[in-house]
Amino acid sequence: MPFEVPPWEDGAEIIEFMPMSSAGSGVGATKKSKKKKPKKKKPKATPAAGTDTATANCGFQYRPGVGPLAPPADSSSDDEADDEMRAMHKVRSGRVEKQRPSVQTTKGGKKQLVLKPELAQAALEAMEVTPTTADAPTLANKLQTELLGGRFRFINEQLYTMNSHKAEAMFRSDASAFDAYHAGYRQQVEKWPANPLNRIIKTVKRLPKTTIIGDFGCGDGKLAQSLPNKVYSMDLVASRGDIIACNITNTPLEPQCLDVAVYCLSLMGTNLNDFFLEANRVLKLHGNVYIAEIQSRFEDARAFVRNVSACGFDLVKKDVAVNYFYFFHFKKMRNVDKAVKLKPFSLKPCLYRKR
């Protein structure tokens, strides 16, 4: 049987809407609008007697305190209370006036600043220099260290690139240069992994106490202070009374008077052949030479050994496996006159970079 759709008039219910007669009637008028209640105005507080209008506008009223902790009524006058309230109002409004120091005019017409006693005392305390600790170095100490390091690097470069005669003349013209150099040298020693002089001291202590030693380029003379032996400490400048001031290529020692010659970081100059010819002159036959130098100064350690051998010495032992330093032990096997013309030789200069 076919599906039939009933007519629209029979199956639909007609809904008639009532016309809207006014804006306030109908559906829109079902919800009643809420009336706002008028806010009650708070009565303004009248300022009390003795209080200015600026204080009253801030929302508080000055009233003398009551109770056991309140100040006496006669402690301050009404004028002082008014001044306190004005100052409080300035703080609340962000207007704080700084006290200006008084200025007096002298007889000559010049203005002179007059400080209050408490301000003058505070100024004196601020000018006092407080001692600084090692953990907090001052700017002056830092600058002094940098200046000392700069002068050390300059003198160090000069000593490595000139012969010993010019170095002697340099220290004679400027006696403070020697102290400045060794002060910077001590700073560098503190940065090294080890001090090579300590190894030489340990080696020489094994020798008999009757061994006579010559310390060529002794510096502060630490070797002589560490040994019971007789030690001739020699350098271009004498920092102590027991140190001989001389050029180590021409010492005042007698021929063949030493058993040991030590060169610890002192092979500075472009005429090292003169150094070892002088050592040959003052050393006894079969005398020993102990050398310690910075590793970076050697381009060819074998060439250095050959040059020293030309001055009458044979290599006994060398230690080039130690980091940062090379150690050599030579023995005098023959006499070589200082008048012999040998080819000058030197080591690479050890130039410290600015940190």
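Remember, it's a predicted structure, so these values are computed and weren't measured experimentally. (Residues numbered from 1 in each chain as written. Predicted model: local features only at pLDDT ≥ 70, side-chain atom pairs only at ≥ 80, totals over all residues. Heavy atoms only, no water.)

Visitor: Break down helix 6 (residues 164–173) for me, with residues and values.
Guide: The periodicity of an α-helix, 3.6 residues per turn, causes residues three or four places apart in sequence to face the same way. Looking at helix 6, one finds that the buried residues are Ser164, Ala167, Glu168, Met170 and Phe171. Projected onto a plane normal to the axis of helix 6, the buried residues spread over an arc of 160° and lie on a single side. Exposed residues pointing more than 90 degrees away from the buried face of helix 6 are listed as Lys166, Arg172 and Ser173. For helix 6, the side-chain oxygen to backbone nitrogen distance between the N-cap and His165 is 3.2 Å, and the N-cap itself is Asn163. (Buried < 20%, exposed > 50% of the residue type's maximum accessible area, 1.4 Å probe, protein only. Helix = DSSP H or I, 4+ residues; strand = E, 2+ residues; numbered from the N terminus. Arc of directions from axis to C-beta. Polar contact = N/O pair within 3.5 Å; in protein donor to acceptor, adjacent residues only side chain to side chain.)

Visitor: Summarise the nonpolar core; cite the residues concerned and give the values.
Guide: Among the nonpolar cores identified, the biggest contains 35 residues, and Ile155, Leu159, Phe171 and Ile213 are the most heavily contacted of them. Contributing elements (two or more residues each) for this core: helix 5 (139–160), helix 6, helix 7 (176–191), helix 8 (196–204), helix 9 (222–226), strand 6 (258–264), strand 7 (283–294) and strand 9 (325–332). For this core, the element with the most residues is helix 7, which contributes five residues. Those residues in contact with Phe171 that lie beyond four places of it in its chain are Ile155, Leu159, Ala177, Phe178, Leu236 and Val237. (Core = buried A, V, L, I, M, F, W, Y, C linked by side-chain atoms within 4.5 Å. Contact = heavy atoms within 4.5 Å.)

Visitor: Mind laying out the pattern of salt bridges, listing which residues take part and the relevant values?
Guide: Following the criterion strictly, the structure yields ten salt bridges and no others. Here Glu278 and Lys338 are joined by a salt bridge, their closest N and O atoms 2.7 Å apart. Taken together, the positions of Glu278 in helix 10 (residues 272–282) and Lys338 in the segment after strand 9 put the pair 60 residues apart, joining distant regions of the chain. Classification of Glu278 as buried rests on a relative accessible area of 0%. Measuring nitrogen to oxygen at the nearest pair gives 3.4 Å for the salt bridge that ties Asp314 to Arg334. Here Arg334 lies in the segment after strand 9 and Asp314 lies in strand 8 (residues 313–319), a separation of 20 residues in the sequence. The exposure class of Asp314 is partly exposed, given its relative accessible area of 33%. (Salt bridge = Lys/Arg side-chain N within 4 Å of Asp/Glu carboxyl O.)

Visitor: Give me the lowdown on the sheet that holds strand 3 (residues 212–216), citing residues and values where you can.
Guide: Here seven strands make up an open sheet; going across it, the order is 5-4-3-6-7-9-8 and the pairing mixed. Each of the sheet's edge strands pairs with one partner strand only, and the pair in question is strand 5 (243–245) and strand 8. Shown here is a sheet whose adjacent strand axes are inclined to one another by a mean of 20°, direction ignored. Across the sheet, helix 10 touches strand 3, strand 6, strand 7, strand 8 and strand 9, and the angle it forms with strand 7 is around 145°. (Pairing = 2+ DSSP bridges. Axes fitted to C-alpha atoms, helices over the stretch in contact; angles between N-to-C directions.)

Visitor: A description of the side chain of Glu293 should follow, citing residues and the corresponding values.
Guide: Position of Glu293 among the secondary structure elements: in strand 7. Separated by 3.4 Å, the side chain of Glu293 and the backbone nitrogen of Ser266 make a polar contact. At 3.2 Å, the side chain of Glu293 and the side chain of Arg297 are in polar contact. Sequence-distant contacts of Glu293, defined by excluding residues within four places in its chain, comprise Leu265, Ser266, Leu267, Phe298, Tyr324, Phe325, Tyr326 and Leu347.

Visitor: Give me the environment of Asp337: which residues, what numbers.
Guide: Tracing the chain through its elements places Asp337 in the segment after strand 9. A residue is classified by how much of its surface remains accessible, and Asp337, at 52% relative accessible area, is exposed.

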